[in-house]
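So you can see what is in the structure, the chains are spelled out below.
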Amino acid sequence: MALSGIQIYKLLPQTNCKECGFPTCLAFAMKLAAKQVELSACPYVTEESIALLAESSAPPIRLVSLKSDGYETKAGNEVVLFRHEKTFYNKPGLFVKVVDTESPEAIKAKISAADRYVVNYVGIELTVDGFAIEAASGDPEKFSAAVKLAREASKRPLILVSRDPSIISAGLKALEAGESALIHGADKSNWEVMAALAQEHKAALAVISTDLETSADLTEKIRGKGVEDLAIDPDTTGLGAMLTFNTIARRMALKKNFKPLGFPIIVFPKDLVAATQAISKYAGFVVIDDFKPDEVYPLLVLRQNIYTDPQKPIQVQPGVYEINNPNSEAPVLVTTNFSITYFSVANEVEGSGLPAWLMVCDAEGMSVLTAWAAGKFDAERIAKSVKGSDLASKVSPKRVVLPGHVAVLSGELEEELPGWDVRVGPREAVDIPKFLKEAL
Ligand code: SF4
């Protein structure tokens, strides 16, 4: 049962020392009750209070971590229903499925291709997180061989998919020492044996049921056997049913602190639309049937955008970037250090094949118009960035190009940068190549 802020306050030291970052113990207690801080932020809680507060301070969605050699995929630990309320913490793991009836060559080729796949999105490298091995053969030996093949092709975490404990047991034995996989899964008929396997091999366990009551009943029974790292599977590919299950489970866990459903959700979407929905609402593990780069790319980007903290813009390092080997005659283009803005401009300049110096000003990670409106991208700041660089000694003629959206700054910038020819560039990055070719 969750404790109220006042109940939590009574268990805190009540010294108001502020070391937790809050002015009073009561303020900290209120945040703790709202699941917005970790109990560990207070270094003075007694062991006795920690035990009493454990239930209340535990995240409403349990953190489940799948580990393998050098890789870790985490799901759970979420505290809000909507990203704008705070942030989402752990991106749903994207897993690619292989089936043990495929040929060894096909299994290795599929896993190797997915394992190598990297998307560079605004300076962040995005990859798939692991692989799900499904036992369609019904043969423990074949399944074990498929797991070994997967391990030869990739070190990323694995999900072992079968409801037959003897097959799962064979797969678990084929794993490398020290890794923790996810077993998929347990149902009403096999949960006791699956729980024992999960405990023996330190694996997480997914429970499978179309109805929430059965899911909750199974997680409680399995927890009673000592297995805490669980996931729940809505066992449906229907968009409506999946959305309903996921939303109710998440609401019950977050709003009612209903522990039996407070676990990451695993889904097996059958197409791109279902995968998109799963990432948006509220999957912790998403297993896709095929590895197709043109489908994986939008899923990775969508996931990245949803799981980026809206309060922390993605930034690039301010400074001067050289594009296409600029010489002294190349112009100086100015932009902000918001990552998407930077990459939009840099990609267009690079694609034009024309040389330029790109002066990236520190605008606290905001885009051009937002930064200008917030007073973080004005003539004074731009001039300071230019003067703080060695561009004046590198270029001749001294030409600086403002983004078209802040043309209003040109007069002021001329005053701030005497001797520089201030030009106004296009409003949109896509028009930069034409501008470089025709207007300079
Ligand atoms: S660190 Fe602990 S004792 Fe100090 S103010 Fe915060 S909650 Fe109170």
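## Thoughts on the site of the ligand
Not every one of the 13 residues close to the ligand is listed here, only the nearest: Cys17, Cys20, Cys25, Phe28 and Cys42. Residues that form the shell around the ligand fall into these classes: nine nonpolar, two polar and two charged.

## A few points about the sheet that holds strand β15 (residues 356-361)
The strand order across the open sheet formed by five strands is β13-β15-β14-β16-β17, and the pairing between neighbours is mixed. For this open sheet the edge positions go to β13 (319-323) and β17 (421-424), each flanked by a neighbour on one side alone. Across the sheet, the mean angle separating the axes of adjacent strands is 30 degrees when strand polarity is ignored. Most of the contacts of helix α14 (residues 379-388) go to β15, to which it runs at about 125 degrees, and overall it touches β14 (332-336), β15 and β16 (399-402).

## Remarks on the packing of helix α5 (residues 140-153) against helix α6 (residues 165-173)
At a minimum axis distance of 8 Å, the contact between α5 and α6 shows a crossing angle of 30 degrees. Handedness of the α5/α6 crossing: right-handed. Of the residues in α6, those touching α5 at Pro140, Glu141, Phe143, Ser144 and Val147 are Ser166, Ile167, Ala170, Gly171 and Lys173. Broken down by class, the residue content of the contact of α5 with α6 amounts to five nonpolar, three polar and two charged.

## Some words on the environment of Ile279
Among the structural elements, Ile279 can be located in helix α10 (residues 272-280). The class for Ile279 is buried, based on 23 C-beta atoms found within 10 Å. Distance in space between the C-alpha atoms of Ile279 and Val37 is 25 Å, their sequence separation being 242 residues. When near neighbours in sequence (up to four residues on either side) are disregarded, Ile279 contacts Pro92, Val286, Leu299, Leu302, Arg303 and Ile306.

## Description of the pairing of strand β1 (residues 64-68)
Every second residue of β1 is oriented toward a common face, the buried set being Val64, Leu66 and Ser68 and the non-buried set Ser65 and Lys67. Bridge count for β1 against strand β2 (residues 71-75) is five bridges, and the pairing is antiparallel. When the sheet's bridge partners are listed, Val64 is paired in β2 with Ala75.

## Things to note about the pairing of strand β8 (residues 182-186)
Buried residues dominate β8, accounting for five of its five residues. As judged from the three bridges shared by strand β7 (residues 158-161) and β8, these two strands associate in the parallel manner. Among the inter-strand pairings, Ile159 is bridged to a residue of β8, identified as Leu182. In this view, the connection linking β7 to its parallel neighbour β8 by way of α6 has right-handed handedness.

Parameters at a glance
Residue positions are counted from 1 within each chain, in the order its sequence is given. pLDDT decides what is reported in this predicted model: residues at 70 or higher carry local features, side-chain atom pairs at 80 or more are listed and counted, and totals for whole chains, interfaces and linings draw on all residues regardless. As used in this record, a residue near a molecule or strand is one whose C-beta atom, placed from the backbone, is within 6 Å of it. For this classification, the nonpolar set comprises Ala, Val, Leu, Ile, Met, Phe, Trp, Tyr, Cys and Pro, the charged set comprises Asp, Glu, Lys and Arg, and every other residue, Gly included, is treated as polar. For two strands to count as paired, DSSP must find a minimum of two bridges between them. Here a strand is any run of E in DSSP of at least two residues, a helix any run of H or I of at least four, and the numbering for each starts at the N terminus. Geometry is summarised by axes, namely lines fitted to C-alpha atoms with helices restricted to the contacting stretch, and by angles between N-to-C directions that run from 0 to 180 degrees. We call two residues in contact when the distance between their C-beta atoms, placed using the backbone, is within 7 Å. Note on convention: the crossing is left-handed when the near helix lies turned anticlockwise from the far helix by less than a right angle, right-handed when the turn is clockwise. Here the C-beta atoms are placed from the backbone, and a residue counts as buried if at least 20 other C-beta atoms lie within 10 Å of its own, exposed if 12 or fewer do, and partly exposed otherwise. We call a crossover right-handed when, viewed with the strands running away from us, the connection from the first strand over the helix to the second turns clockwise.

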